[in-house]
Amino acid sequence: MSPILNAVVAMAALLLPFSSMGVDACWKRKSVAGISFGSRWSGAGATAVAMSADPYEAAAETIEAGTDYPNQIKIVHLSDVHYFSQKLYADCGDFTIAENSDRKMFRESGAIVDKALAEIVAYQPDLVILSGDLTKDGELVCHQGMHEKLAAAKKQLANAGKQAMFCVINGNHDINNDDNGRDFSSGKAEHTDLVDPLAFKELYADCGYDDAIAKFDAGRLSQGGSLSYVVRPAKGVTLIVVDSGKYSADQNGLGRDEHVTSGVVGEKLLAWVESQAKQARAAGDIVFVTQHHGVIPHFSMEPELMGEYLVDNYEDCQRRYADAGVSAVFTGHMHANDIASITTEAGNTLYDIETCATVTYPSDIRFATLSWKREEGTANVEATLAVENHPLGSV
């Protein structure tokens, strides 16, 4: 999608009617979209949370004291980096077939990731979101290399005095991908070590999981959604990180643990997201979600033509996310830049902020600034999220 078309589409989405909750939007030059969230929560609601035994008890008490809240944070969103390690590469016929059957720049993916992370370090963000498809096809070596790059960027930010939180989630290519994960280094395509949900969580422990204030429990007999978690990157902001992948027999319909392109937020996970969002909003937080698959169509025929790029139950998700208090969802998967929105019958508006793949042209990432103000001593808050498409330029 061209930058001009992206701007037109995003503008059209943002100029839809807004809810009675005080949501408005504006379109600014340089592909910057301004989204405003307005919400008012009674002091009684915050007090009730403060009295309950949940992760937001301290947050609600701070609201009542009216102290120590920031009024702005900087966010980066990138998606679908599809990092391919050169350790698995050889200039051979099998790799040529794999490369020519896709539009991803696998051989250049490492340089593109390095450029993106250099730009991120220069931006000095508070929060970095990676919404899935971190690797070519879930190869362990690629995951290890991608984590090394993220760890190096975190260290550079820390050395500059910036303690940024990095939050990753899996995409459809990242987990149990035996159908596609291959090592070409011998001169032909061979099976290679892959990553399952447990290995993913352990490998990226310092990219969200160690900072989690809540983690989803899928249960003993299910893997679906098991990588979901919640973080609080700043006082007043909650991010719910949702695993929308279908990589296990309990969700993919294959009878075996293997990835598929489509995604879903199962009922148990969806109810958990609702609960986490409601708790956070009652505590006065602005609530975001990130996941790989979209929840709002970005063009009218998307459900019919490219339904695998939305979660199977997208209509249920968008309504329940919005009515639980989620303001926006950071998504990827489509390899395109767009912002779409819906308003529920209850009058709550939700934005789906879709970011393109770094591994395919034009390789943009998103820079965003979240600014907000709250009413002293209450959980009432108004916020604006300014989102900018950031081209990486030549690599």
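Up top is the structure.
Residues numbered from 1 in each chain as written. Predicted model: local features only at pLDDT ≥ 70, side-chain atom pairs only at ≥ 80, totals over all residues. Heavy atoms only, no water.

**Some details on the overall build of the chain**
When helices and strands are tallied, the chain shows 11 helices and 16 strands. Across the 395 residues of the chain, 58% fall into the buried class. For the chain, long-range pairs separated by at least 24 residues make up 70% of all intrachain contacts whose partners lie at least 6 apart in sequence. Carbon and sulfur atoms form 51% of the exposed surface of the chain, whose accessible area is close to 15600 Å². (Helix = DSSP H or I, 4+ residues; strand = E, 2+ residues; numbered from the N terminus. Buried < 20%, exposed > 50% of the residue type's maximum accessible area, 1.4 Å probe, protein only. Contact = heavy atoms within 4.5 Å. Areas by Shrake-Rupley, 256 points an atom, 1.4 Å probe, with all protein chains shown as cover.)

**Brief notes about a negative patch on the surface**
Judged by side-chain charge, Asp196, Glu202, Asp250 and Asp257 come together as a negatively charged surface patch. Secondary-structure assignment places glutamate 202 in helix H7 (residues 197-203). Taking relative accessible area as the criterion, glutamate 202 reaches 55% and is therefore assigned exposed. (Patch = residues over 30% accessible without salt bridge, like charges linked within 9 Å, V, L, I, M, F, W, Y side chains within 5 Å. Salt bridge = Lys/Arg side-chain N within 4 Å of Asp/Glu carboxyl O. Lys, Arg positive; Asp, Glu negative; His and termini not counted. Charge placed at Lys NZ, Arg CZ, Asp CG, Glu CD.)

**Details of the pairing of strand E12 (residues 326-331)**
Within E12, 6 of the 6 residues are buried, which leaves the element mostly enclosed by the surrounding structure. Bridge analysis of strand E11 (residues 286-290) against E12 gives 4 bridges, and the strand direction is parallel. Paired with valine 287 across the strands is valine 326, a residue of E12. In terms of strand pairing, E12 meets strand E14 (residues 349-354) through 4 bridges, oriented parallel. Counted as the bridge partner of phenylalanine 330 is isoleucine 353 from E14. (Pairing = 2+ DSSP bridges.)

**A word on helix H6 (residues 140-159)**
Because the α-helix completes a turn every 3.6 residues, residues three or four places apart line up on one side. Over its 20 residues, H6 extends 28 Å from the first C-alpha to the last, a length consistent with the 28 Å expected when each residue adds 1.5 Å. Against the buried residues of H6 lie helix H5 (109-123), strand E4 (127-131), strand E5 (165-169) and H7. Phi turns positive one or two residues past the end of H6, at glycine 161, with a value near 90°. (Expected span 1.5 Å × (residues − 1).)

**Quick notes on the environment of glycine 347**
Of note, glycine 347 is situated in the loop between strand E13 (338-343) and E14. Take glycine 347: its relative accessible area is 13%, and that puts it in the buried class. Through-space distance from the C-alpha of glycine 347 to that of aspartate 323 is 8.3 Å; in sequence the pair is 24 residues apart.

**A closer look at the sheet that holds strand E9 (residues 229-234)**
A sheet is described by the order of its strands in space; here 7 strands give the open sequence E8-E9-E10-E11-E12-E14-E13, paired in mixed fashion. A single partner strand is all that each edge strand has here, and the edge strands are strand E8 (214-215) and E13. Packed onto the sheet, helix H9 (residues 267-282) meets E8, E9, strand E10 (237-241), E11 and E12 and runs at close to 175° relative to E10. Lying on the sheet, helix H11 (residues 314-324) is in contact with E11, E12, E13 and E14; it crosses E12 at an angle near 135°. (Axes fitted to C-alpha atoms, helices over the stretch in contact; angles between N-to-C directions.)

**A word on the environment of lysine 162**
Relative to the assigned elements, lysine 162 resides in the loop between H6 and E5. Put simply, lysine 162 and valine 121 are 41 residues apart on the chain and 9.2 Å apart in space, counted from C-alpha to C-alpha. Each residue touching lysine 162, except ones within four places of it in the same chain, is listed here: Gln124, Pro125, Asp126 and Leu157.

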